[in-house]
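An overview of the molecular structure
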Amino acid sequence: MPFITSQNAEITAERNWLISKRYQNKWAPSERTRLKEIAKRYKVSWSGNTRHIPWNTLMERVDIIPTSMVATMAAAESGWGTSKLARLNNNLFGMKCAKGSCTNAAGKVKGYSSFDSVKESVNAYVVNLNTHPAYASFRKSRNQLRQADQEVTASAMIHKLEGYSTKGQSYNNYLFAMYQDNQRLIASHM
């Protein structure tokens, strides 16, 4: 939980900075550099021209994943941290390796991403949801909540996770039931 909370705090700080700069006409070199770094981290194409900043894409991607949703996903995917994948690879979310980037280190579960720490696993999961094309509809739904001035919550977002599992909507229903059944437990660790 502390890893999710700190990751969301960093994202919120970046998002707030972007909001504060959105209607600014003059950019200091350090501000341009920071914007370039954010765009790169969130895989947003940008030429560097401050007159043509892809604000909509940035605001859609630079946003939090609800803490209790991340905790529910980690618990579901890792058997509450007991799975072989979680224990050997620090992989709480069942994230597979990208093609050609998988190292088959001894003592690791092959075909799945391996992380040096649980924190690294959480960071990779958040980056994945915020950047991968498969989760564009998730980001769009989250952005619609923001535009309607509604809170981005686990209960609102779990059913928006299209394409995360081959099981489709039944997986989202399972996650939602797990979230509801364990809401008090998860909240007590926040």
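Below or above, wherever it landed, is the structure these notes cover. In every chain, residue numbers begin from 1 and rise along the written sequence. Only residues with pLDDT of 70 or above have their local features reported here, since the model is predicted, and side-chain atom pairs are shown and tallied only from 80 upward, although totals for entire chains, interfaces and linings are computed over all residues. Only hydrogens and water are set aside; all other atoms, that is, all heavy atoms of the structure, feed into the side-chain values.

1. Quick look at the pattern of salt bridges
- A pairing counts as a salt bridge when a side-chain nitrogen of Lys or Arg comes within 4 Å of a carboxyl oxygen of Asp or Glu. The tally for this structure, following the rule as stated, stands at five salt bridges.
- Lys21 is the salt-bridge partner of Glu31, the closest N and O atoms lying 2.7 Å from each other. A residue pair is termed long-range when its members are at least 10 positions apart, and Glu31 in helix H2 (residues 29–41) and Lys21 in helix H1 (residues 2–21) qualify at 10 residues.
- Burial status follows relative accessibility: with a 1.4 Å probe on protein chains alone, a residue under 20% of its type maximum counts as buried, one over 50% as exposed, and anything between as partly exposed. By relative accessible area, Glu31 is classed as buried at 16%.
- The residue Arg142 makes a salt bridge to Asp63 at a minimum N-O spacing of 3.8 Å. Pair noted here: Arg142 is in helix H7 (residues 136–147) and Asp63 is in the loop between helix H3 (55–61) and helix H4 (67–78), with a separation of 79 residues, a long-range link.
- Among the ionic contacts, a cluster of salt bridges with common partners joins Arg15, Asp63, Arg142 and Arg146. Runs of E in the DSSP output that reach at least two residues are strands. Runs of H or I that reach at least four are helices, and both are numbered from the N terminus.

2. A closer look at the layout of surface pockets
- In the cavity and pocket records, a cavity denotes points on a 1 Å grid over the protein atoms alone where a 1.4 Å probe fits but cannot get out, a pocket denotes an open set with protein on both sides within 12 Å along at least 5 of 7 lines, and lining residues are residues with an atom within 4 Å of a point. Grid points are joined across faces, edges and corners, and a volume is the space filled by probe spheres set on the points. Counted as a void, the largest pocket has a volume near 510 Å³.
- Together, 18 residues line the largest pocket, and Gly94, Met95, Lys96, Tyr135 and Tyr164 are the ones closest to its centre.
- Gly counts as polar in this scheme, as do all residues outside two lists: the nonpolar Ala, Val, Leu, Ile, Met, Phe, Trp, Tyr, Cys and Pro, and the charged Asp, Glu, Lys and Arg. Tallied by class, the residues present in the lining of the largest pocket amount to nine nonpolar, seven polar and two charged.

3. A closer look at the packing of aromatic side chains
- Two aromatic rings from Phe, Tyr or Trp, using only the six-membered ring of Trp, form a pair when their centres are within 6.5 Å; if the ring planes differ by under 30 degrees the pair is stacked, by over 60 it is edge-to-face, and anything between is tilted. Scanning the entire structure with this criterion turns up five aromatic pairs.
- A ring pair is formed by Phe93 and Tyr125, whose centres lie 4.0 Å apart and whose planes are at 10 degrees; its orientation type is stacked. Residue Phe93 is located in the loop between helix H5 (84–89) and helix H6 (118–131), and its partner Tyr125 is located in helix H6; the two are separated by 32 residues in the primary sequence.
- Assessed through its relative accessible area of 2%, Phe93 is described here as buried.
- Seen from their ring centres, Tyr171 and Tyr174 are 6.2 Å apart, and the 40 degrees between their planes marks the pair as tilted. Of this pair, Tyr171 and Tyr174 both sit in helix H9 (residues 169–181), three residues apart, which is roughly one turn of the helix.

4. What about the side chain of Ser121?
- Locating Ser121 in the fold gives a position in helix H6.
- For this analysis, a polar contact is any N or O atom pair within 3.5 Å, provided that within protein one partner can donate a hydrogen and the other can accept it, and provided that sequence-adjacent residues contribute only side-chain to side-chain pairs. Engagement of the side chain of Ser121 in a polar contact is seen with the backbone nitrogen of Leu92, the distance being 3.2 Å.
- Here, two residues are considered to be in contact whenever any of their heavy atoms come within 4.5 Å of each other. Among residues more than four places away in sequence, those in contact with Ser121 are Asn90, Asn91, Leu92, Phe93 and Phe115.

5. Side note on the environment of Met69
- In this structure, Met69 sits in helix H4.
- Distance in space between the C-alpha atoms of Met69 and Phe176 is 8.9 Å, their sequence separation being 107 residues.

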